[in-house]
Amino acid sequence: MISLKPALLAALAALSAPCLAIDLRVRSTGGNKTTDIMYGLMHEDINNSGDGGIYAELISNRAFQGSAKFPSNLDGWSPVGGAVLSLQKLAQPLSSALPYSVNVAASTNANSAKIGLANGGYWGIDVKVQKYTGTFHVKGEYDGDFEVSLRSAITGEVFGRKTVSGGSVAGEWTEKEFELVPEKNAPSSNNTFVIEWDAEGVKSGSLDLNLISLFPPTFKGRKNGLRIDLAEALVDLKPTFLRFPGGNMLEGNTLDTYWKWNETLGPLKNRPGMAGVWEYQQTLGLGLSEYMNWADDMNLEPIVGVFAGLALDGNFVPEAEFDWVIQYALDEIEFLTGDANTTQWGAVRASLGYPKPWTVNYVEIGNEDWLAGRPAGFDSYKAYRFPRLMKAFNDKYPHIQIIASPSVFDGMTIPKGAAGDYHPYLTPDEFVQRFGRFDALTRDNLTLIGEAASTHPNGGIAWDGNLMPFPWWGGSVAEAIFLISAERNGDKIIGATYAPGLRNMNRWQWSMTQIQHAADPALTTLSTSYHVWRLIASHIIRTTLPVSAPSGAPNFNPLYYVAGSSAENTGVFKAAVYNSTSPVPVSLRFEGIEKEGAVANLTVLTGPSEPYGYNDPFTRADVVKHETRLLKAGKGGEFKFELPGLSVAVLETADKIKVEVPVGKGKGKGKGDAKGKGKGKGKARRA
């Protein structure tokens with residue numbers, strides 16, 4: 001970590017002279033009618049945020065999946081009772097998608113009548129008195145029962161076991177299903193899952209096993225679903241959209257290894273996995289249908305990213321060969337939205353248990369196509385990859401809002417009817433300096449903020465150096481100012497999401513994340529940025545209203561703010577203080593609320609005394625202080641309050657305000673209720 005604390009504190013001290021009261025009046029006319037800025041989630045499997053994260057599967061390397069980049073192996077598995085484990089590629093595999101399996105044989109010096117294998121999960125397994133559901137596939141002649149158990153990896157204590165009756169036969173695979181309820185909670189997550197059997201009952205000398213799976217209870221009870229504590233933390237962010245599958249994952253490392261949506265469908269035994277772009281193999285257990293279930297269960301608007309013919313190594317599909325890319329993208333949306341009786345891919349969806357079509361209102365073409373392989377990759381995107389895909393979608397799905405993966409800030413002229421995607425990863429000062437950036441946009445420059453985070457300290461060496469170790473308070477306040485700048489232009493901004501969302505603390509590639517986690521849910525940590533984004537997203541402004549200040553009042557420094565009305569026509573004021581260590585006094589009035597005694601709720605977030613404080617998953621310290629209090633208006637409906645330096649605040653009135661909005665100030669294609677959120681990266685980028 002780069003320490004610039006003295007320099008930053010000195011700069012703040014220089015600006016700490018007492019501030020004059022800032023007198024603000026929120027007018028009821030001249031506002032922008034918006035479709036509510038969406039705050040959402042963006043997900044790709046980075047930082048083991050999918051496998052080993054929100055995807056609730058507890059067994060690591062469950063199907064011995066591999067690729068040229070990450071060959072199949074026995075990582076995560078260990079022998080039990082003197083067994084010998086070997087990786088095998090059988091002539092009769094479980095499936096063509098899963099060609100490798102583990103062979104378990106008794107050694108000549110086996111020290112137990114029972115043999116088997118154990119798995120330690122993704123850096124541990126959380127064991128509670130709750131129902132675990134599991135399956136495994138076994139091949140070979142065995143006359144006897146199996147036993148599954150959850151036990152301590154330290155002491156061997158068994159917390160729960162279950163007999164899985166019936167053996168297996170030679171020459172074919174037998175699927176075993178079980179439910180296991182431990183009798184006691186484990187004191188830590190340092191536990192293993194074990195499958196054992198009687199060695200003497202094996203007639204064929206050894207058994208082959210594959211696709212060994214174990215799930216705890218999942219969010220909304222979904223089979224093959226999401227980890228509850230992480231899903232609930234995301235729900236508490238008040239998201240309204242889900243952008244997936246990212247992100248670099250969509251592009252893949254090469255043109256042969258992009259995220260193939262059709263290989264993420266159906267039974268797990270038909271999913272080959274993929275060479276992940278974040279240095280590990282992915283299972284693809286969290287596939288296209290699971291993403292849509294995720295969106296359904298959290299009432300999120302899906303923003304579906306489609307492959308646009310560019311890989312992270314910079315190679316792209318030539319124009320002469322581009323037709324298959326177009327058809328592949330159209331087929332994906334047909335799978336999601338097509339009629340089960342009249343479309344090919346709609347029928348496939350129905351055959352997999354989803355007869356009712358999903359609704360897709362947003363499609364993003366590619367991911368950061370301005371970056372990989374530039375300038376040639378970006379030139380190809382502007383010349384034919386984006387125009388041809390946009391035309392194909394407009395022709396077949398005219399209701400869908402098309403989003404280009406670059407924005408106008410990346411050097412692309414976004415065609416009329418499309419939107420751009422802006423990904424700022426900046427220092428705090430850079431976010432604040434760009435407060436007015438969206439003001440210059442026109443309504444033809446509709447923009448999604450698909451990824452954003454404060455990643456480097458002020459004055460640091462930026463992309464030539466490391467990211468900060470965790471979101472820190474000063475950076476999180478700057479993010480709030482950035483979001484306020486977006487809300488001031490809500491008629492031009494589709495929505496915004498922090499990125500990445502999740503980080504497993506045992507192996508990660510990108511440190512700046514909203515939520516940190518490990519196998520033990522008690523270690524789940526909500527970062528400083530999590531608290532800021534949640535507060536901002538919890539009070540959506542439906543109509544942005546002008547705010548007037550007396551002549552000579554500070555112009556968005558040190559107080560940065562936006563005001564408007566909610567869907568219920570209550571008054572909403574959002575603000576953040578930057579570049580001041582002294583409290584900033586505020587006097588606030590809403591036209592339409594002029595009575596003395598009117599009430600409003602004021603929530604203020606403050607952080608530690610020095611701006612580099614962060615929420616540490618190892619100490620469990622939370623540096624963010626929350627204060628909510630009821631304010632009563634004085635004469636003329638005046639609300640008076642002070643906001644400390646480096647603070648974020650939201651005020652919402654109890655009374656409705658009068659709002660007069662010109663007709664025709666909506667945005668987009670008129671989708672109806674909007675919904676969403678975010679992800680992370682590892683490529684050097686500048687915004």
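Residues numbered from 1 in each chain as written. Predicted model: local features only at pLDDT ≥ 70, side-chain atom pairs only at ≥ 80, totals over all residues. Heavy atoms only, no water.

- By the naming in an unreviewed UniProt entry, the protein goes by non-reducing end alpha-L-arabinofuranosidase and is assigned to Podospora australis.
- The Catalytic activity (unreviewed entry) comment attached to the protein in UniProt states, word for word, "Hydrolysis of terminal non-reducing alpha-L-arabinofuranoside residues in alpha-L-arabinosides." (UniProt positions renumbered as here; feature names shortened; annotations may be inferred.)

**Remarks on the overall build of the protein**
Turning to step 1, where the next piece is worked out: When helices and strands are counted, the protein shows ten helices and 37 strands.
Turning to step 2, where the next piece is worked out: For 687 residues, the compact-globule formula gives about 26 Å, and the C-alpha radius of gyration of the protein, at 27 Å, lands near that figure.
Turning to step 3, where the next piece is worked out: Each principal axis of the C-alpha distribution contributes one length, and for the protein these read about 90 × 60 × 45 Å.
Turning to step 4, where the next piece is worked out: Counting all 687 residues of the protein, 59% fall into the buried class.
Turning to step 5, where the next piece is worked out: Considering only contacts within the protein whose residues lie at least 6 apart along the sequence, 77% involve residues at least 24 apart.
Turning to step 6, where the next piece is worked out: Surface summary for the protein: the accessible area is close to 25,300 Å², and the carbon and sulfur share equals 50%. (Helix = DSSP H or I, 4+ residues; strand = E, 2+ residues; numbered from the N terminus. Rg over C-alpha atoms; globule rule 2.2 N^0.38 Å. Buried < 20%, exposed > 50% of the residue type's maximum accessible area, 1.4 Å probe, protein only. Contact = heavy atoms within 4.5 Å. Areas by Shrake-Rupley, 256 points an atom, 1.4 Å probe, with all protein chains shown as cover.)

**Quick word on the side chain of D520**
Turning to step 1, where the next piece is worked out: Looking at where D520 falls in the secondary structure, it is placed in the loop between β27 (515-517) and β28 (525-526).
Turning to step 2, where the next piece is worked out: When neighbours within four sequence positions are excluded, D520 is seen to be in contact with D126, S189 and R227.

**Focus: the sheet that holds strand β33 (residues 584-590)**
Turning to step 1, where the next piece is worked out: Strand order in the open sheet formed by four strands is β30-β1-β33-β36, with mixed pairing between adjacent strands. The open sheet is flanked by β30 (547-548) and β36 (639-643), the only strands paired with a single partner. (Pairing = 2+ DSSP bridges.)

**Points about the packing of aromatic side chains**
Turning to step 1, where the next piece is worked out: Taken as a whole, this structure holds 41 aromatic pairs when the rule is applied.
Turning to step 2, where the next piece is worked out: Between F322 and Y384, the aromatic rings sit 5.5 Å apart at their centres with planes inclined by 85°, giving edge-to-face as the arrangement. Of this pair, F322 sits in the loop between β18 (301-306) and α5 (323-337) while Y384 sits in helix α7 (residues 376-396), and the two are 62 residues apart along the sequence.
Turning to step 3, where the next piece is worked out: Where F435 meets Y560, the ring centres are 5.1 Å apart and the plane angle is 70°; that geometry is what we call edge-to-face. Here Y560 lies in strand β31 (residues 559-565) and F435 lies in the loop between α8 (428-433) and β23 (447-449), a separation of 125 residues in the sequence. Each member of the pair F435 and Y560 is classed as buried.
Turning to step 4, where the next piece is worked out: Linked through ring pairs, Y258, W261, F307, W324, Y328, F335 and W345 together constitute an aromatic cluster.
Turning to step 5, where the next piece is worked out: Across the ring face of Y258, the terminal group of K260 is positioned such that the distance to the ring centre comes to 4.4 Å.
Turning to step 6, where the next piece is worked out: Over the aromatic face of W508 sits the side chain of R503, whose NZ or CZ is 3.9 Å from the ring centroid. (Phe/Tyr/Trp six-rings, centres within 6.5 Å; stacked < 30°, edge-to-face > 60°. Lys NZ or Arg CZ within 6 Å of the ring centre and 35° of its normal.)

**A few points about the sheet that holds strand β6 (residues 83-89)**
Turning to step 1, where the next piece is worked out: Taking strand neighbours across the sheet as the criterion, the five strands line up as β6-β7-β14-β9-β12 in an open arrangement whose pairing is antiparallel. One side of each edge strand has no neighbouring strand; the edge strands of this open sheet are β6 and β12 (173-180). On average, each strand axis in the sheet is inclined to that of its neighbour by 30°, with strand direction left out of account.
Turning to step 2, where the next piece is worked out: Sheet topology places strand β7 (residues 100-106) next to strand β14 (residues 206-215); four bridges connect them, and they run antiparallel. (Axes fitted to C-alpha atoms, helices over the stretch in contact; angles between N-to-C directions.)

**Quick look at unusual backbone geometry**
Turning to step 1, where the next piece is worked out: Each neighbour pair has its own omega, and for G246 with G247 the value is 20°, a cis peptide bond.
Turning to step 2, where the next piece is worked out: With respect to the helices and strands, the residue G247 is situated in the loop between β15 (241-244) and α3 (248-251).
Turning to step 3, where the next piece is worked out: Residue P375 is bonded to the preceding R374 through a cis peptide linkage, with omega at 5°.
Turning to step 4, where the next piece is worked out: Counting through the fold element by element, P375 comes out in the loop between β19 (362-365) and α7.
Turning to step 5, where the next piece is worked out: The phi angle at N47 is positive, at roughly 60°, despite the residue not being glycine.
Turning to step 6, where the next piece is worked out: When you line up the elements, N47 lands in the loop between β4 (41-42) and β5 (77-80).
Turning to step 7, where the next piece is worked out: Its identity is not glycine, yet W123 carries a phi of approximately 60°, on the positive side.
Turning to step 8, where the next piece is worked out: With respect to the helices and strands, the residue W123 is situated in the loop between β8 (114-119) and β9 (132-139).
Turning to step 9, where the next piece is worked out: Of the residues examined, W123 reaches a relative accessible area of 35% and is grouped as partly exposed.

**Observations regarding the environment of F244**
Turning to step 1, where the next piece is worked out: Of note, F244 is situated in strand β15.
Turning to step 2, where the next piece is worked out: Accessibility expressed as a relative area gives 0% for F244, which makes it buried.
Turning to step 3, where the next piece is worked out: Non-local contacts of F244, meaning those with residues more than four positions away in its chain, are made with H43, L288, Y291, M292, P302, I303, V304 and G305.

**Focus on the side chain of H531**
Turning to step 1, where the next piece is worked out: When you line up the elements, H531 lands in helix α10 (residues 528-537).
Turning to step 2, where the next piece is worked out: Judged by its relative accessible area of 6%, H531 falls in the buried class.
Turning to step 3, where the next piece is worked out: Within the structure, the side chain of H531 is placed 3.3 Å from the side chain of R534, a separation counted as a polar contact.
Turning to step 4, where the next piece is worked out: Other than its neighbours up to four places away in sequence, H531 contacts L526, L605, N615, D622, V624 and H626. (Polar contact = N/O pair within 3.5 Å; in protein donor to acceptor, adjacent residues only side chain to side chain.)

**Structural notes on the packing of α5 against α7**
Turning to step 1, where the next piece is worked out: Following both chains from N to C, one finds α5 and α7 inclined at 40°, their axes separated by 10 Å at the closest point. As summarised for this structure, α5 and α7 are arranged oblique, according to the angle between their axes. Along this stretch, α5 crosses α7, giving a crossing that reads as right-handed. Contact with α5, carried on its side by D323, V325, I326, A329, L330, I333 and E334, involves R388, L389, A392, F393 and K396 of α7 and no other residues of that element.
Turning to step 2, where the next piece is worked out: Across the contact of α5 with α7, the residue classes tally to eight nonpolar, no polar and four charged. (Parallel < 35°, antiparallel > 145°, perpendicular 65-115°, else oblique. Left-handed = near helix turned anticlockwise from the far one by under 90°. Nonpolar A, V, L, I, M, F, W, Y, C, P; charged D, E, K, R; others polar.)

**Focus on the confidence of the model for the protein**
Where the model shows low pLDDT, its predicted coordinates should not be examined in detail.
Turning to step 1, where the next piece is worked out: Taken as a whole, the protein shows an average pLDDT of 91; of its residues, 92% reach a score of 70 or greater.
Turning to step 2, where the next piece is worked out: The low-confidence segment residues 1-17 (pLDDT under 50) makes 30 contacts with residues lying over four places distant or belonging to another chain.
Turning to step 3, where the next piece is worked out: Counted against residues more than four places away or in other chains, residues 670-687, with its pLDDT under 50, gives 110 contacts. (pLDDT = per-residue confidence, 0-100.)

**Remarks on the nonpolar core**
Note on soluble globular proteins: their nonpolar side chains tend to be buried together.
Turning to step 1, where the next piece is worked out: One finds W294 and F393 to be the most contacted residues of the largest nonpolar core, which totals 153 residues.
Turning to step 2, where the next piece is worked out: Counting residues per element, this core draws most heavily on helix α9 (residues 473-487), at nine residues.
Turning to step 3, where the next piece is worked out: Those residues within four positions of F393 in sequence are excluded, and the remaining contacts are V306, A329, L330, I333, V363, I365, P398 and I402.
Turning to step 4, where the next piece is worked out: Core analysis: the second largest hydrophobic core is formed by 32 residues, A83, V148, F159 and F193 among them. (Core = buried A, V, L, I, M, F, W, Y, C linked by side-chain atoms within 4.5 Å.)

**Digging into the pairing of strand β32 (residues 570-577)**
Turning to step 1, where the next piece is worked out: Of all the eight residues making up β32, eight are buried; the element is thus mostly covered by neighbouring parts of the structure.
Turning to step 2, where the next piece is worked out: Every second residue of β32 is oriented toward a common face, with T570, V572, K574 and A576 on one face and G571, F573, A575 and V577 on the other, all of them buried.
Turning to step 3, where the next piece is worked out: Examined bridge by bridge, β31 and β32 share seven bridges and lie antiparallel to one another. Residue pairing for β32: Y561 is matched across the bridge by A575.
Turning to step 4, where the next piece is worked out: What sits between β31 and β32 in their antiparallel hairpin is a turn of four residues, with N569 showing a positive phi close to 70°.
Turning to step 5, where the next piece is worked out: When β32 meets strand β37 (residues 647-656), the two strands line up antiparallel, connected through seven bridges.

**What about α5?**
Turning to step 1, where the next piece is worked out: With 15 residues, α5 extends 21 Å between its outermost C-alpha atoms, agreeing within 8% with the 21 Å of an ideal straight helix rising 1.5 Å per residue.
Turning to step 2, where the next piece is worked out: Of all 15 residues making up α5, eleven are buried, and the element is well covered by its neighbours.
Turning to step 3, where the next piece is worked out: In this structure, the buried residues of α5 make contact with α4 (288-297), β18, α6 (344-351), β19 and α7. (Expected span 1.5 Å × (residues − 1).)

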